[in-house]
Amino acid sequence: MSSAAKKNKYEIDMCNGSIMDKLISFSMPLMLSGILQLMFNAVDIVVVGRFSGSESLAAVGSTTALINVFVNLFIGISLGANVLAARFFAAQKEKEMSETVHTSITLALISGIIMAVAGFLFARLSLELMGTPDNVIGLSTLYMRIYFLGMPFFMLYNYGAAILRAIGDTKRPLAYLIIAGVINAGLNLILVIVFKLGVAGVAIATIISQFISCVLVLRCLWKSEGSYQLRFSKLTIKKVYVKQIFQVGVPAGIQSTVINFSNVLLQSSVNSFGSTAMAGYTAANNIFGFLYVAVNSVTQTCMSFTSQNYGASKPKRMDRVLADCIILSVVVTLVLGGGAYIFGNELLRIYTSDVEVIRCGMEILLYTTVTYFLCGLMDLFPGAMRGMGHSMVPMILSIVGTVGVRIIWIFWVFPQYRSLDILFISYPASWIITIVMQVICFYFVRKRVHGWLGGQTP
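Residues numbered from 1 in each chain as written. Predicted model: local features only at pLDDT ≥ 70, side-chain atom pairs only at ≥ 80, totals over all residues. Heavy atoms only, no water.

**Quick word on the overall build of the protein**
Then, in step 1: In terms of helices and strands, the protein carries 18 helices and zero strands.
Then, in step 2: Expected size for 458 residues packed as a compact globule is a radius of gyration near 23 Å; at 21 Å, the protein falls within 12% of this value.
Then, in step 3: Dimensions of the protein, computed from C-alpha atoms along their principal axes, come out at roughly 60 × 45 × 35 Å.
Then, in step 4: By the burial criterion, 58% of the 458 residues in the protein qualify as buried.
Then, in step 5: In the protein, once contacts between residues fewer than 6 apart in sequence are set aside, the share between residues at least 24 apart is 84%.
Then, in step 6: A total of about 18000 Å² of accessible surface is found on the protein, and carbon and sulfur atoms cover 68% of it. (Helix = DSSP H or I, 4+ residues; strand = E, 2+ residues; numbered from the N terminus. Rg over C-alpha atoms; globule rule 2.2 N^0.38 Å. Buried < 20%, exposed > 50% of the residue type's maximum accessible area, 1.4 Å probe, protein only. Contact = heavy atoms within 4.5 Å. Areas by Shrake-Rupley, 256 points an atom, 1.4 Å probe, with all protein chains shown as cover.)

Quick look at the structure:
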């Protein structure tokens, strides 16, 4: 009885009862977890900017988009693990659930090792291709090489957390990140201020904190009593589950990677304005990142709830989940996006005291924060479709809508009117075009899925 009570304390019943309160209790810890993961990088930037100078600040900041290109493909695949585990959990298929868990963790370990090797070997070449200025490329390369050595820990944490999210548990991953985040901040200050290690110090601190969060989440799965219990002796790669994980996860990962590649092109355009604009973009992009995790938490909530209700054959409840997620996403993004712009000056001063850098940052925030609710809507429909097992077409539409528009903008519109304003109008323009395409796609996917599930009432 005590183990059942313990289990129920963390699990959320996504298939019965009221929806909005469960969406909030699931998404808020997820949002805070995303914010804490961003804090790892934000604390790096703040400490480096304050105690190692603007060249070190530009060095760390210029790697962000590039790191995301590498990371997002593999993180996207973890969404496939989340969708599959949620489906098996709701359908009470314990054997399939257990095999999905062990296949997912093995995938995480392999992909983490691949990323560590690739990131270490190709760091400098990648930064050179981005046009990183000569005065910061040495420091940028050093930061990236050390950062990527921690990728196995980063991947194991994210896949472990994806399994816990599939059963409705977002609270324990949050607790582990709080512990790791506090350690990260403390180590940053010690390694940069006391030991004068600069960019190397903040990268080492990030690796250590990722190792701690990884150990905590794996320990949690190991001690679990349910079908998602982890046993290292059972680690395996089962083709049947890898195929299903990849069907959802690879398109999601490719979408994130390609969209981040468009951000790398954008970073190259910002680099052409010099190190002041680069520093302004680094700080603004960090604030922008906090808005992204807010949106992403609602998207992942929508995906998990949709996937469980798909597994339980409740199509009408899936509709209600999407409607409530739209309300939640718009409210959250309008509040946070509006607040980020209104308090933009104060927020940018956390990163730098340079007036010109703050001015550049505010120019960028104008076009990316107030309109951010559009990005939330753009992501929700693909999230719902992934929960139903449809990932390929939403990926293609997102790439055509966001990346296509931005590439046209960067190569044809921006050169005619060279300014930060013109460059960043490409964000809301690409979001609006993508929303229209995703809504049309969702209409057809929903119709097909309702037909498969027999239009049953929840």
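**Things to note about the nonpolar core**
Nonpolar side chains in soluble globular proteins tend to end up buried together.
Then, in step 1: Counting residues in each nonpolar core, the largest one holds 103 residues, and the members touching the most others are Tyr143, Met151, Met155, Tyr228, Phe424 and Trp431.
Then, in step 2: Considering each element in turn, this core owes the most residues, 13 residues, to helix 4 (residues 64–90).
Then, in step 3: Ignoring any residue separated from it by four or fewer positions in sequence, one finds Trp431 in contact with Phe288, Thr368, Thr371, Tyr372, Leu374, Cys375, Met378 and Arg406.
Then, in step 4: One finds Leu23, Leu328, Phe381 and Val445 within the second-largest nonpolar core, a separate group that totals 29 residues. (Core = buried A, V, L, I, M, F, W, Y, C linked by side-chain atoms within 4.5 Å.)

**Focus on the environment of Leu142**
Then, in step 1: When you line up the elements, Leu142 lands in helix 6 (residues 134–149).
Then, in step 2: The exposure class assigned to Leu142 is partly exposed, which follows from its relative accessible area of 38%.
Then, in step 3: Spatially, the C-alpha atoms of Leu142 and Ala59 are 9.3 Å apart, while their sequence positions differ by 83 residues.
Then, in step 4: Those residues within four positions of Leu142 in sequence are excluded, and the remaining contacts are Val199 and Ala200.

**Quick word on the packing of helix 4 against helix 7 (residues 151–166)**
Between two packed helices, what matters for the description is the angle formed by their axes and the separation of those axes.
Then, in step 1: Relative to each other, helix 4 and helix 7 sit at 25°, their axes nearing to 8 Å. In terms of orientation, helix 4 lies roughly parallel with respect to helix 7. Considering the relative orientation of helix 4 and helix 7, their crossing is right-handed. Two secondary-structure elements touch here, helix 4 through Val71, Phe74, Ile75, Ile77, Ser78, Asn82, Ala85, Ala86 and Phe89 and helix 7 through Met151, Phe154, Met155, Asn158, Tyr159, Ala162, Ile163, Arg165 and Ala166.
Then, in step 2: In terms of residue class, the contact of helix 4 with helix 7 is built from 14 nonpolar, three polar and one charged. (Axes fitted to C-alpha atoms, helices over the stretch in contact; angles between N-to-C directions. Parallel < 35°, antiparallel > 145°, perpendicular 65-115°, else oblique. Left-handed = near helix turned anticlockwise from the far one by under 90°. Nonpolar A, V, L, I, M, F, W, Y, C, P; charged D, E, K, R; others polar.)

**Describing the environment of Asn16**
Then, in step 1: Note that Asn16 resides in the loop between helix 1 (2–10) and helix 2 (20–51).
Then, in step 2: Apart from residues no more than four positions distant in its own chain, Asn16 is found in contact with Lys22, Lys314 and Arg317.

**Considerations on the state of the cysteines**
Then, in step 1: Summed over the entire model, instances satisfying the criterion amount to zero disulfides.
Then, in step 2: Just so you know, Cys15 is unpaired, no disulfide at all, and the nearest cysteine sulfur is the one on Cys302, 14 Å from it. (Disulfide = S-S within 2.5 Å.)

**Looking at the packing of aromatic side chains**
Then, in step 1: Under the counting rule described, the total for this entry stands at 15 aromatic pairs.
Then, in step 2: Ring geometry for Phe153 versus Phe211: centroids 5.0 Å apart, planes at 75°, classification edge-to-face. Of the two residues, Phe153 is situated in helix 7 and Phe211 in helix 9 (residues 198–223); the sequence distance between them amounts to 58 residues.
Then, in step 3: Owing to a relative accessible area of 25%, Phe153 belongs among the partly exposed residues under this scheme.
Then, in step 4: The partly exposed category is assigned to Phe211, whose relative accessible area is 40%. (Phe/Tyr/Trp six-rings, centres within 6.5 Å; stacked < 30°, edge-to-face > 60°.)

**Points about the side chain of Asn188**
Then, in step 1: Inspection of the secondary structure puts Asn188 in helix 8 (residues 171–194).
Then, in step 2: For Asn188, a relative accessible area of 0% corresponds to the buried category.
Then, in step 3: Ignoring sequence-local partners within four residues, the contact set of Asn188 consists of Val43, Asp44, Val47, Ile193, Gly201, Val202 and Ala205.

**Concerning the environment of Gly249**
Then, in step 1: Structurally, Gly249 is set in helix 10 (residues 239–271).
Then, in step 2: When the C-alpha positions of Gly249 and Arg386 are compared, they lie 8.6 Å apart, and in sequence the two are 137 residues distant.

**Let's talk about the pattern of salt bridges**
Then, in step 1: One pass over the structure, following the stated rule, counts seven salt bridges.
Then, in step 2: Across the salt bridge formed by Glu128 and Arg124, the nearest N and O atoms sit 3.2 Å from each other. Of this pair, Glu128 and Arg124 are both found in helix 5 (residues 94–129), four residues apart, which corresponds to roughly one turn of the helix.
Then, in step 3: Judged by its relative accessible area of 36%, Arg124 is partly exposed.
Then, in step 4: The shortest N-O distance in the salt bridge between Arg172 and Asp169 comes to 2.5 Å.
Then, in step 5: Residues participating in the shared-partner salt-bridge network are Lys95, Glu99 and Lys238. (Salt bridge = Lys/Arg side-chain N within 4 Å of Asp/Glu carboxyl O.)

**So, the confidence of the model for the protein**
Then, in step 1: For the protein, the mean per-residue pLDDT works out to 89, and 97% of the residues sit at or above 70.
Then, in step 2: Within the model, pLDDT remains below 50 along residues 1–7, and this stretch shows three contacts once partners closer than five positions in the same chain are excluded. (pLDDT = per-residue confidence, 0-100.)

**Considering a nonpolar patch on the surface**
Then, in step 1: A contiguous nonpolar surface patch, about 780 Å² in accessible area, is contributed by Phe51, Leu189, Ile190, Ile193, Val194, Phe195, Leu197, Ile204 and Ile208.
Then, in step 2: Elements that contribute at least two residues to the nonpolar patch include exactly helix 8 and helix 9.
Then, in step 3: Broken down by element, the residue count for the nonpolar patch peaks at four residues, all from helix 8.
Then, in step 4: Structurally, Phe195 can be placed in the loop between helix 8 and helix 9. (Patch = residues over 30% accessible without salt bridge, like charges linked within 9 Å, V, L, I, M, F, W, Y side chains within 5 Å.)

**What to know about unusual backbone geometry**
Excluding glycine, residues mostly have negative phi values, and the peptide bonds linking residues are mostly trans.
Then, in step 1: Although it is not a glycine, Lys196 adopts a positive phi angle of roughly 55°.
Then, in step 2: The exposed category is assigned to Lys196, whose relative accessible area is 66%.
Then, in step 3: Positive phi outside glycine occurs at Ser313, with the angle close to 55°.
Then, in step 4: Its place among the elements puts Ser313 in the loop between helix 11 (275–311) and helix 12 (315–342).

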